[in-house]
Amino acid sequence: MNKLAASAELALADIAADNQTFAVGGFGLCGIPEALIDALKNTGVTGLTCISNNAGVDDFGLGKLLHTKQIKKMISSYVGENKEFERQYLNGELEVELTPQGTLAEKLRAGGAGIPAFFTQTGVGTLIAEGKEVREFDGKEYILEPSLTADVALVKAYKADKAGNLVFRKTARNFNPECAMAGRLTIAEVEEVVEIGEIDPDDIHLPGIYVNRIVLNTAPE
């Protein structure tokens, strides 16, 4: 089994389509699949919904897709440091679903685990709770949050074997495993590819069962 694609462009060529939902790993600019984001931009697909902690900055990461108006909706927890994001949102050009950071992580994790929804105290009594079911447990109110899945997940890891088993490096782990699990089809961008069996099973952070394709980028910016 060899899941290694020849390039990011080829990895996406038969997958990317208009109006898809993409889950994209990263926190700020740490642990973002930059080559895959560039390749997605170059496909020219539009009407995308992107689930990501944030939307990069104006000229890097998902910010590139905002500049080209390829994203119609962002599901995020942080939207600062991106003036184009702000401009599009205030002008009604971009739909935004703001989600508390821990809730966003759990929405992706639950989606990947096949759990349709969960109750949380986060957001009770705020705008986040509007229109959502509220239930009391042990005298405290909780709101029902639906989980999230995506048509495609784009993630960044440090190392992979050819079967797609992934190792993340330090804080670049962030949202990447959750995004990978939530994607119906997952592409991982990595800095190193080794043969199957070269990664100790105890060192694997995400099993290859969640990864469909691997893209090698040995010199990320």
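All of these numbers come straight from a predicted model, not from anything done at the bench.

**Observations concerning the layout of surface pockets**
Part 1: Taken as a whole, the largest pocket encloses approximately 180 Å³ of empty space.
Part 2: Lining the largest pocket are 13 residues, and of these Cys-30, Gly-31, Lys-156, Ala-172 and Glu-191 sit closest to its centre.
Part 3: By residue class, the composition of the lining of the largest pocket is eight nonpolar, one polar and four charged.

**So, the sheet that holds strand 5 (residues 117-120)**
Part 1: Taken together, three strands build an open sheet; the order of strands is 5-7-6 and the sheet is antiparallel. Strand pairing shows two members of the sheet lacking a second neighbour, strand 5 and strand 6 (134-137), which therefore form its edges. Adjacent strand axes in the sheet meet at a mean angle of 35° when their direction is disregarded.
Part 2: Across four bridges, the pairing between strand 5 and strand 7 (residues 140-146) is antiparallel. If you follow Phe-119 over to strand 7, its bridge partner there is Leu-144.
Part 3: This element, helix 5 (residues 101-112), spans strand 5 and strand 7 of the sheet and lies at about 150° to strand 5.

**Digging into the pattern of salt bridges**
Part 1: All told, the structure shown has 15 salt bridges when counted by the stated rule.
Part 2: One salt bridge in this structure joins Arg-87 and Glu-84, with 2.9 Å as the shortest N-O distance. Residue Arg-87 and its partner Glu-84 are located together in helix 4 (residues 83-90), separated by three residues, close to a single helical turn.
Part 3: A salt bridge links Glu-133 to Arg-135; the nearest nitrogen and oxygen atoms lie 2.8 Å apart.
Part 4: On the basis of relative accessible area, Glu-133 is assigned to the partly exposed category, the value being 36%.
Part 5: Among the ionic contacts, a cluster of salt bridges with common partners joins Lys-69, Glu-84, Arg-87 and Glu-93.

**Thoughts on empty space enclosed by the protein**
Unfilled space is identified by rolling a water-sized probe across the atoms.
Part 1: Considering all chains together, one arrives at one cavity of 30 Å³ or more under this definition.
Part 2: Roughly 60 Å³ of internal volume is contained in the largest cavity.
Part 3: Every residue lining the largest cavity is counted, 13 residues in all, and those nearest its centre are Gly-28, Ile-32, Ser-52, Asn-54 and Gly-56.
Part 4: Looking at side-chain class alone, the lining of the largest cavity contains six nonpolar, seven polar and no charged residues.

Cut-offs and rules
- Residues numbered from 1 in each chain as written.
- Predicted model: local features only at pLDDT ≥ 70, side-chain atom pairs only at ≥ 80, totals over all residues.
- Heavy atoms only, no water.
- 1 Å grid on protein atoms, 1.4 Å probe; cavity = no way out; pocket = protein on both sides within 12 Å on 5 of 7 lines; lining within 4 Å.
- Points joined across faces, edges and corners; volume = space filled by probe spheres on them.
- Nonpolar A, V, L, I, M, F, W, Y, C, P; charged D, E, K, R; others polar.
- Pairing = 2+ DSSP bridges.
- Helix = DSSP H or I, 4+ residues; strand = E, 2+ residues; numbered from the N terminus.
- Axes fitted to C-alpha atoms, helices over the stretch in contact; angles between N-to-C directions.
- Contact = heavy atoms within 4.5 Å.
- Salt bridge = Lys/Arg side-chain N within 4 Å of Asp/Glu carboxyl O.
- Buried < 20%, exposed > 50% of the residue type's maximum accessible area, 1.4 Å probe, protein only.

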